Every structure is written in C-alpha cells, then in structure tokens.
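Each chain, written out:
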Amino acid sequence: MWTRLSFSDISSGQSSSELSYEQEFDAIAKWFKEVDIRGKLTIKNKLREIAYPDMTSVCLPREKVKTKGS
C-alpha cells in the first residue's frame with residue numbers, strides 16, 4: 001500500500017528548536033574524537049558530501065584509457 005509523502009505537516013507542526021541540528025553535530029564531534037584515523041577520514045568525506053553536493057569524489061585515471069581499437 002503506497003501513501004503520498006507530504007512535507008507540509010512537518011514544517012508547520014514543528015518549531016525551529018525542534019529542527020535544530022546542534023545535537024547531531026555534537027554527536028558527530030564526539031564520535032570524531034573517538035574513532036581512529038580511518039574513521040575520521042570517513043566522517044570527513046561524508047560531511048564534505050553533505051556540505052558540497054556539487055563536488056564529486058571521482059578522480060581522473062592516471063593513464064589515458066584507450067577507447068579506439070582493441
């Protein structure tokens with residue numbers, strides 16, 4: 001059974017204090033301090049994806065890929 005998702009109920013029914021992100025940032029900062037270097041890099045990359053959605057993590061290949069002739 002499918003239902004329609006509506007955001008109007010959420011935005012009108014909650015105050016601005018309920019939509020705060022401070023608790024989440026505090027939890028992320030605490031978690032960041034507790035994990036090892038790999039975990040810190042993962043958290044940092046995920047935050048970068050959220051903060052800069054237009055950027056991509058795809059890198060160019062080191063050598064040009066041959067597309068003609070096999």
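Residues numbered from 1 in each chain as written. Predicted model: local features only at pLDDT ≥ 70, side-chain atom pairs only at ≥ 80, totals over all residues. Heavy atoms only, no water.

**Focus: the overall build of the protein chain**
Alright, step 1. Of regular secondary structure, the protein chain possesses three helices and zero strands.
Alright, step 2. Each helix and strand of the protein chain, placed in order from N terminus to C terminus, yields the pattern α-α-α.
Alright, step 3. A buried classification covers 4% of the 70 residues belonging to the protein chain.
Alright, step 4. Carbon and sulfur atoms make up 57% of the accessible area of the protein chain, which amounts to about 7,800 Å² in all. (Helix = DSSP H or I, 4+ residues; strand = E, 2+ residues; numbered from the N terminus. Buried < 20%, exposed > 50% of the residue type's maximum accessible area, 1.4 Å probe, protein only. Areas by Shrake-Rupley, 256 points an atom, 1.4 Å probe, with all protein chains shown as cover.)

**What about a nonpolar patch on the surface?**
Alright, step 1. Among the surface-exposed residues, Tyr21, Phe25, Leu47 and Ile50 lie close enough to one another that they form a single nonpolar patch of about 450 Å² accessible area.
Alright, step 2. Residue placement: tyrosine 21 occurs in the loop between α1 (8–13) and α2 (22–34). (Patch = residues over 30% accessible without salt bridge, like charges linked within 9 Å, V, L, I, M, F, W, Y side chains within 5 Å. Salt bridge = Lys/Arg side-chain N within 4 Å of Asp/Glu carboxyl O.)

**Here's the deal with the packing of aromatic side chains**
Alright, step 1. Across all of its chains, the model carries one aromatic pair by this definition.
Alright, step 2. Ring centres of tyrosine 21 and phenylalanine 25 lie 5.0 Å apart, and the angle between their planes is 75°; this geometry places the pair in the edge-to-face category.
Alright, step 3. The exposure class assigned to tyrosine 21 is exposed, which follows from its relative accessible area of 54%.
Alright, step 4. Between the NZ or CZ atom of lysine 40 and the centre of the ring of phenylalanine 32, over which it lies, the distance is 5.5 Å. (Phe/Tyr/Trp six-rings, centres within 6.5 Å; stacked < 30°, edge-to-face > 60°. Lys NZ or Arg CZ within 6 Å of the ring centre and 35° of its normal.)

**Side note on the packing of α2 against helix α3 (residues 37–51)**
Alright, step 1. With their axes 9 Å apart at the nearest point, α2 and α3 run at an angle of 150° to one another. Looking at the two axes, α2 sits roughly antiparallel to α3. Note on element contacts: α3 touches α2 through Lys40, Ile43 and Leu47, opposite Ile28, Trp31 and Phe32.
Alright, step 2. Grouping the constituent residues of the contact of α2 with α3 by class yields five nonpolar, no polar and one charged. (Axes fitted to C-alpha atoms, helices over the stretch in contact; angles between N-to-C directions. Parallel < 35°, antiparallel > 145°, perpendicular 65-115°, else oblique. Contact = heavy atoms within 4.5 Å. Nonpolar A, V, L, I, M, F, W, Y, C, P; charged D, E, K, R; others polar.)

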